[in-house]
Amino acid sequence: MKKILALVLVLSLVLTGSAFAGVKTKIGLITMDQMDVHWVRLKNAAEARVNALNEQGNEITMVWLSPETKDNQQQIEKIQSAVADGVNYIIIACNDGTSANRALQEAVDAGIKIIYVDAPATLKASATYATDNFAGGKQIGEYLKALFDKDGVTEGTIGIVDAQAGVQSCQDRYDGFASVFKDTKFVMGERQYSDGDNSKAQELANTLINNNVIAIYGTNDGATNGSAAAVKDAINNGMKIYCVGWDKSDSNIAHVEGGELLAFAAQNPNVMGEMAIDAVVELENGKDLGGITVDTGVSTVTKDNVAEFK
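Given the structure is predicted, the values throughout are model-derived calculations rather than measurements. (Residues numbered from 1 in each chain as written. Predicted model: local features only at pLDDT ≥ 70, side-chain atom pairs only at ≥ 80, totals over all residues. Heavy atoms only, no water.)

1. As for the sheet that holds strand 12 (residues 299-301)
Whenever strands of a sheet pair, they do so through backbone hydrogen bonds, lying parallel or antiparallel.
Okay, so step 1: Pairing is mixed across the open sheet formed by six strands, whose spatial order is 7-6-8-9-10-12. Of all the strands in the sheet, the pair left with one neighbour each is strand 7 (185-193) and strand 12. Direction aside, the axes of adjacent strands within the sheet are offset by 20° on average.
Okay, so step 2: Note: strand 9 (residues 242-246) against strand 10 (residues 263-266), three bridges, orientation parallel. Its bridge partner being in strand 10, Val244 is matched across the sheet by Ala263. (Pairing = 2+ DSSP bridges. Helix = DSSP H or I, 4+ residues; strand = E, 2+ residues; numbered from the N terminus. Axes fitted to C-alpha atoms, helices over the stretch in contact; angles between N-to-C directions.)

2. Remarks on the layout of surface pockets
Okay, so step 1: There is about 220 Å³ of room inside the largest pocket.
Okay, so step 2: Every residue lining the largest pocket is counted, 14 residues in all, and those nearest its centre are Tyr143, Leu147, Gly259, Leu261 and Leu262.
Okay, so step 3: The biggest single contributor to the lining of the largest pocket is helix 5 (residues 133-151), with three residues.
Okay, so step 4: Of the residues in the lining of the largest pocket, the class split is eight nonpolar, two polar and four charged. (1 Å grid on protein atoms, 1.4 Å probe; cavity = no way out; pocket = protein on both sides within 12 Å on 5 of 7 lines; lining within 4 Å. Points joined across faces, edges and corners; volume = space filled by probe spheres on them. Nonpolar A, V, L, I, M, F, W, Y, C, P; charged D, E, K, R; others polar.)

3. Quick word on the nonpolar core
Okay, so step 1: Counting 33 residues, the largest nonpolar core has Ile27, Ile91, Ile115, Tyr129 and Ile277 as the members making the most contacts within it.
Okay, so step 2: Broken down by element, this core gets its largest block of residues, nine residues, from helix 10 (residues 269-284).
Okay, so step 3: Residues within four places of Ile27 in sequence aside, it is in contact with Ile60, Thr61, Met62, Val63, Val87, Tyr89, Ile91, Ile277 and Val280.
Okay, so step 4: With 23 residues, the next largest nonpolar core counts Phe148, Phe177, Val180 and Tyr217 among its residues. (Core = buried A, V, L, I, M, F, W, Y, C linked by side-chain atoms within 4.5 Å. Buried < 20%, exposed > 50% of the residue type's maximum accessible area, 1.4 Å probe, protein only. Contact = heavy atoms within 4.5 Å.)

4. Things to note about the pattern of salt bridges
Okay, so step 1: For the structure shown, the criterion picks out twelve salt bridges.
Okay, so step 2: With its nearest N and O atoms 3.1 Å apart, the salt bridge here joins Lys26 to Asp85. Separated by 59 residues along the polypeptide, Lys26 in strand 1 (residues 24-30) and Asp85 in the loop between helix 3 (72-84) and strand 3 (89-92) bring together distant segments of the chain.
Okay, so step 3: Given a relative accessible area of 21%, Lys26 falls into the partly exposed group.
Okay, so step 4: Notably, a salt bridge pairs Glu257 with Lys310, separated by 2.6 Å at the nearest N-O pair. (Salt bridge = Lys/Arg side-chain N within 4 Å of Asp/Glu carboxyl O.)

That's the geometry; what it means functionally is another story.
Structure follows, in structure tokens:
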């Protein structure tokens, strides 16, 4: 992981250290939704990089065209809006691997270049800057398994609070996590879909707790935050429930500090946003990125290191 992060930092330094000027282009940024803090951070980082480049004499315009909630059809409509708006590049985090392919191909046919952040589709793009979600899920699963081993827990059902069905990044996070418990006596519970909503996730987690799960795994920020809130109530009632999940947010940091959330996987959305914008500039300067894929890394945040992520 250190090698991966080092590579990302080196690439970022190379790109940000270059003096690009004279670029005039328009970018459409399409994330999965607008409410998740992960996407807001990615958007803010991309926006800051655009502003910095424009101060060097470039004329780069970026519009954030994301749907309000995760919805395949709405995301397709945003791609179509970007094409109609005359963008030269689409930077996109796809809800799943295939639903947006036709709309993205139409964008490519119109001369628009595609850059993936966080979650790619199967359609070939100029570059991808994303988390290896399977590896990240496995990393969090191994952390939980180590806690079970330490506490002498050898079996039980692990509740799953997911975001939405069909979201490839969450599917990969589930698959990576579940792979750790293959050939053990631990059972993965049926995936419960919260739509990434904290309140709904808390309700689902409460039901799982009432059904005697020994642990809960949240696959995104909202799912993790709501699950941790439910686990906090359970702990206050004298129960022992393990909880791990995904995504850095103030709420999840507070839950780790409180002890009800034992760990979460922290991505680097700022790196994704910055590197995607730098990729646009490199492409504008005639460089062929060759469909490069860069793993932007995951850190396991626990009570021992949470202060570093504030």
